[in-house]
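# Geometric and topological summary
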Amino acid sequence: MATKIRLQRFGKKGKPFYHVVVADARAPRDGKFIERLGSYNPNTNPATIELNFDKAVTWVLNGAEPTDTARAILSYKGVLYKKHLEGGIRKGALTQEQADAKFATWLETKAGKISGKTEGLATSKAEARKAALAAEAKKNEDRAAAIAAKNAPVAEEVVEEEVATEEAPAVEAEAATEAPAEETQAEDKAE
């Protein structure tokens, strides 16, 4: 029986979630399977992969053929590298201790890369948030300045108009008081 390591799709439309399973090559994608090895969630960044490492190595060593995506997942988790090292042990090129040491150093570097990516994503998210807050603050300041500019000239024009209307009656009143005084003086002279 030809076995494959592949993904079974779960989740709703647009939000996929996969189980990593070992199945007969003739079985449908979401159908009957032999054993479930783990899960894969591509919706998170970085993608969340949970895998039973020992079972996966056993199936790969027994000849289960992974699909392209399953191969990428197994490679990411180190299953294929472990298979490579096991082959070296069988041929006599490595001892078990050397293979374990190489695999441990590989795991450390991989963990460093993953943590670096998560930290980079967190810092870029924080920087994007700061930039968005700064842009929003600048936009609010611009709006406040525009509103102040819109309201300020109207208030000055109203004040100028009020001053002009207050001065005009005063000038007219002075002219009116002067005119009758001149008339009374002219009348006094005429008498």
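Heads up: the structure comes first, above all this text.
Residues numbered from 1 in each chain as written. Predicted model: local features only at pLDDT ≥ 70, side-chain atom pairs only at ≥ 80, totals over all residues. Heavy atoms only, no water.

## Structural notes on the nonpolar core
The line we're drawing: In plain words, nonpolar cores are sets of buried Ala, Val, Leu, Ile, Met, Phe, Trp, Tyr and Cys residues tied together by side-chain atoms within 4.5 Å. Under the scheme applied here, a residue whose accessible area is under 20% of the maximum for its type counts as buried, over 50% as exposed, and between as partly exposed, the area being computed with a 1.4 Å probe on protein chains only. The secondary structure listing takes helices from DSSP runs of H or I that are at least 4 residues long and strands from runs of E that are at least 2 residues long, numbered from the N terminus.
Counting 17 residues, the largest nonpolar core has Ile-5, Val-20, Leu-37, Tyr-40, Leu-51, Leu-74 and Val-79 as its most contacted members. Breaking this core down by element, the ones donating at least two residues are β1 (3-10), β2 (17-24), β3 (35-41), β4 (48-51), α1 (53-61) and α2 (68-77).

## Some words on the packing of aromatic side chains
Using the following cut-off: Each Phe, Tyr or Trp ring, with Trp reduced to its six-membered ring, pairs with another whose centre is within 6.5 Å; inter-plane angles below 30 degrees give stacked pairs, above 60 give edge-to-face pairs, and intermediate values give tilted ones. Whether a charge lies above a ring is judged from NZ of Lys or CZ of Arg, which has to be within 6 Å of the ring centre and within 35 degrees of the ring normal.
Under the criterion given, the structure shown has five aromatic pairs. For the ring pair Tyr-18 and Tyr-40, a centre distance of 5.9 Å and an interplane angle of 25° mean the geometry is stacked. One end of the pair, Tyr-18, is in strand β2; the other, Tyr-40, is in strand β3, with 22 residues separating them in the sequence. Residues Tyr-18 and Tyr-40 agree in their burial class; the two are buried. An aromatic cluster is defined as three or more aromatic residues linked by ring pairs; in this entry it consists of Phe-53, Tyr-81, Phe-103 and Trp-106. In this structure, Lys-82 packs its charged tip against the face of Phe-103, placed 5.0 Å from the ring centre.

## With respect to the pairing of β4
To keep it simple, the criterion reads: Only strands that DSSP links by at least two bridges are regarded as paired with each other.
Of the two faces of β4, only one is covered, namely that formed by Ile-49 and Leu-51; the face formed by Thr-48 and Glu-50 stays uncovered. Strand direction decides the pairing type here: β3 and β4, joined by four bridges, are antiparallel. Directly across from Tyr-40, in β4, lies its bridge partner Ile-49. Hairpin remark: β3 followed by β4, antiparallel, with six residues in the connecting loop.

## Some thoughts on the side chain of His-19
Heads up, the condition is: Contact between two residues is taken to exist if any of their heavy atoms lie within 4.5 Å; hydrogens are not considered.
Within the secondary structure, His-19 is located in strand β2. Those residues in contact with His-19, other than ones at most four positions away along the chain, are Arg-6, Leu-7, Gln-8, Phe-10, Arg-36, Gly-38 and Ser-39.

## Notes on helix α3 (residues 79-91)
For the record, the criterion: What a helix is expected to span follows from its residue count: subtract one and scale by 1.5 Å.
Along its 13 residues, α3 runs 19 Å from first to last C-alpha, staying within 8% of the 18 Å computed at 1.5 Å per residue. Of the residues making up α3, those classed as buried are Val-79, Lys-82, Leu-85, Gly-87 and Gly-88. Positive phi appears at Gly-92, one or two residues downstream of α3, with a value of about 90°.

## What about the packing of α1 against α3?
The line we're drawing: Axis definition: a line fitted to C-alpha atoms, over the contacting stretch in the case of helices. Angles run 0 to 180 degrees between N-to-C directions. Geometric relationships in this document are graded by angle, where less than 35 degrees denotes roughly parallel, more than 145 denotes roughly antiparallel, 65 to 115 denotes roughly perpendicular, and other angles denote oblique. Less than a right angle of anticlockwise turn of the near helix away from the far helix marks a crossing as left-handed, whereas a clockwise turn marks it as right-handed. In this classification, the charged set is Asp, Glu, Lys and Arg, the nonpolar set is Ala, Val, Leu, Ile, Met, Phe, Trp, Tyr, Cys and Pro, and all remaining amino acids, among them Gly, are polar.
Running from amino to carboxyl end, α1 crosses α3 at an angle of 55°, the nearest separation of the two axes being 10 Å. The orientation of α1 with respect to α3, classified from their angle, is oblique. Every pair of crossing elements has a handedness; the one defined by α1 and α3 is right-handed. Residues Phe-53, Ala-56, Val-57, Val-60 and Leu-61 of α1 form the contact with α3, whose participating residues are Val-79, Leu-80, Lys-82, Lys-83, Glu-86 and Arg-90. Split into classes, the residues belonging to the contact of α1 with α3 amount to seven nonpolar, no polar and four charged.

## Regarding α2
In plain terms, the rule: Think of the arc as the fan of directions from the helix axis to the C-beta atoms.
Regarding α2, the residues found buried are Ala-70, Ile-73 and Leu-74. Projection of α2 onto a plane perpendicular to its axis shows the buried side chains occupying an angular sector of 95°, all on one side. Looking at the buried positions of α2, the neighbouring elements they touch are β1, β3, β4, α1, β5 (65-66) and α3.

## Regarding the pattern of salt bridges
As a reminder of what qualifies: In what follows, salt bridge is the name for a side-chain nitrogen of Lys or Arg lying within 4 Å of a carboxyl oxygen of Asp or Glu.
As enumerated under the stated definition, the model contains six salt bridges in all. Between Arg-26 and Asp-24 there is a salt bridge, and its shortest N-O distance comes to 2.9 Å. For Asp-24, a relative accessible area of 15% corresponds to the buried category. Taking the shortest distance from any N to any O, the salt bridge between Asp-30 and Arg-29 comes out at 2.8 Å. Residue class for Asp-30 comes out partly exposed when judged on its relative accessible area of 40%. Judged by its relative accessible area of 48%, Arg-29 is partly exposed.

Just geometry here; none of it tells us what the structure is for.
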